[in-house]
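Observations on the model geometry
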Amino acid sequence: MTGLTNAQIDLLRQRYGNQVKPEKVIMTPVVEAMLRHKSVRTFLPDALPEGAIETMVAAAQSASTSSALNQWSLVAVTDVALKKEIHDTVAREVKVDRLPWILEAPALLLWVADTSRSAAITRDQGGDPFVLNYLDSFLMASVDATLAAQNASLAAESIGLGIVYLGVMRNIAKELASIINLPEHAFVTFGMALGRPDPSRTSAIRPRPAQPVVLHYNRYNQEDYRDYVEGYEQASQDFRIQQKMSPKTWKGALHNSMTSMEYLGGRKELREMVVEKGFKLL
Ligand SMILES: Cc1cc2nc3c(=O)[nH]c(=O)nc-3n(C[C@H](O)[C@H](O)[C@H](O)COP(=O)(O)O)c2cc1C
């Protein structure tokens, strides 16, 4: 790790723990900002800085968008009563202790995979938007919404805000669509709590697996990752101990996620809901 400052080396240490680290990272302010990411689940009651959401949306709209179709939307829930209604609806479905950050955060952003405008503008021109019936259209809009959200989250972090993605919004996909008046051909991919992090309760940077687990050159190597799983397990354990989290192995948590209907929760009805919303997924 030549040419890096101590602070930059420390960032890589936090990202990878004691695992093998990339040797030749080219550090720029943008890369450093990305490496510093951590989900924020404890917020101060402060209002968002003026212009925060507009700044995030400008960043979001600067992400690439499939075929320049702009098939995503953002519903920014800032109304306290509406946010509480969404919180209470989720709380009926999942364990309440996993959700306080929805109430604490001054804004709940709902990132929408949105082909409703494409459908309407096509029909306005006398066309039948049958291409939207295919699975790829759903995937395309979901990818666009995700890229937009990730650009927005980096913008938020760069102005001192913090975020946590909320896939748990899909557990209440149907109710949520009705609460926020979502049109046909639109679907909330995930939520995002947004606010100023409470420095007295912030978490640390969460380690990721060593690069050979996720990086393949030229052809996919199906077995290499096995050499690195125990190292990642150790890094995860170190993180959990440091954060005073309940004892749990990463492999065990993964096993639970892959084998538990409780983990899946309301998301098991997702296909039905998505099809009801007009995505035929052909
Ligand atoms: C699409 C998506 C959905 C997520 N949903 C939730 C969620 O519902 N609740 C939550 O507490 N964290 C959620 N997370 C945050 C992850 O748990 C978190 O990113 C992961 O543990 C890594 O931690 P880090 O973001 O601090 O690096 C989600 C992340 C992503 C990308």
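Above this note sits the structure.
Numbers given for residues are sequential positions, taken from 1 along each chain in its written order. Totals for whole chains, interfaces and linings use all residues, but because this is a predicted model, local features are given only for residues with pLDDT of at least 70 and pairs of side-chain atoms are given and counted only at 80 or more. Hydrogen atoms and water are omitted, and side-chain values are computed over all heavy atoms in the structure.

Topic: the pairing of strand 3 (residues 162-166)
With 4 of 5 residues buried, strand 3 is to be regarded as a mostly interior element. Sheet analysis places strand 3 next to strand 4 (residues 186-195), joined by 5 bridges and oriented antiparallel. Paired with I163 across the strands is L194, a residue of strand 4. Accessible area is worked out with a 1.4 Å probe on protein chains only. A residue is then buried under 20% of its type maximum, exposed over 50%, and partly exposed in between. Secondary structure follows DSSP: runs of H or I at least 4 residues long count as helices, runs of E at least 2 residues long count as strands, and numbering of each begins at the N terminus. In short, DSSP must find at least two bridges between two strands for them to pair.

Observations concerning the site of the ligand
Here a residue counts as near a molecule or strand whenever at least one of its heavy atoms sits within 4 Å of it. All residues adjacent to the ligand are H37, K38, S39, R41, W101, V164, Y165, L166, G167, V168, R206 and R208. As used in this structure description, the phrase polar contact means that two N or O atoms lie within 3.5 Å; if the pair is within protein, one of them must be able to donate a hydrogen and the other to accept it, and residues adjacent in sequence are counted only when both atoms belong to side chains. At 2.6 Å from an oxygen atom of the ligand is found a side-chain nitrogen or oxygen belonging to S39. Here an oxygen atom of the ligand sits 2.8 Å away from a polar atom, N or O, in the side chain of R208. Element by element, the count of residues in the shell around the ligand is highest for strand 3, at 3 residues. Three categories are distinguished: nonpolar for Ala, Val, Leu, Ile, Met, Phe, Trp, Tyr, Cys and Pro, charged for Asp, Glu, Lys and Arg, and polar for the others, with Gly belonging to the last. Classifying every residue of the shell around the ligand by side-chain character gives 5 nonpolar, 3 polar and 4 charged.

Regarding the packing of aromatic side chains
A pair of Phe, Tyr and Trp rings is counted when the ring centres sit within 6.5 Å of each other, with Trp represented by its six-membered ring. The angle between the planes then sorts it: under 30 degrees is stacked, over 60 is edge-to-face, the rest tilted. Applying the stated criterion across every chain yields a total of 5 aromatic pairs. The interplanar angle of 75° and the centroid separation of 5.1 Å between the aromatic rings of Y165 and F190 together place this pair among those described as edge-to-face. Here Y165 is found in strand 3, whereas its partner F190 is found in strand 4, with 25 residues between them in sequence. Exposure remark for Y165: the relative accessible area of 28% places this residue in the partly exposed category. Relative to W250, the ring of Y232 lies with its centre 4.9 Å away and its plane at 75°, an arrangement referred to as edge-to-face. In this pair, Y232 sits in helix 10 (residues 229-242) while W250 sits in helix 11 (residues 250-259), placing the two residues 18 residues apart along the sequence. The class of Y232 is buried, set by a relative accessible area of 9%.

Quick word on the pattern of salt bridges
Basic side-chain nitrogens of Lys or Arg form a salt bridge, by our definition, when they fall within 4 Å of a carboxyl oxygen of Asp or Glu. Under the definition given, this model contains 11 salt bridges. Here E32 ties to R36 by a salt bridge, and the two come within 3.7 Å at their closest N and O atoms. E32 sits in the buried class, given a relative accessible area of 19%. Each member of the salt-bridge network shares a partner with another, and the members are E104, D198 and R201.

Re the environment of I205
The residue I205 is located in the loop between strand 4 and helix 9 (211-214) in this model. Working rule for contacts: check all heavy atoms of both residues, and any pair within 4.5 Å makes them a contact. Setting aside anything within four residues of it in sequence, one finds I205 in contact with L11, Q14, R15, L35, R36, H37, K38 and F239.

Considerations on the nonpolar core
Think of a nonpolar core as a cluster: buried Ala, Val, Leu, Ile, Met, Phe, Trp, Tyr and Cys residues, connected wherever their side-chain atoms sit within 4.5 Å. Within the largest apolar cluster, 34 residues are counted, with the highest numbers of intra-cluster contacts made by I86, L110, L166 and M169. Where this core is concerned, the elements lending two or more residues are helix 4 (80-91), helix 5 (100-104), strand 2 (107-114), strand 3, helix 8 (173-179), strand 4 and helix 13 (270-276). For this core, the element with the most residues is strand 4, which contributes 4 residues. Look past the residues within four positions of L166 in its chain and what remains in contact with it is W101, I102, L108, F190, G191, M192 and A193. Residues M56, A107, A152 and M192 belong to the second largest nonpolar core, which totals 18 residues.

Focus: unusual backbone geometry
For H185, which is not a glycine, the phi torsion comes out positive at approximately 65°. Positionally, H185 belongs in the loop between helix 8 and strand 4. The class for H185 is buried, based on a relative accessible area of 10%. Non-glycine residue L281 carries a positive phi angle of around 55°. On the basis of relative accessibility, which here comes to 16%, the residue L281 falls in the buried class.

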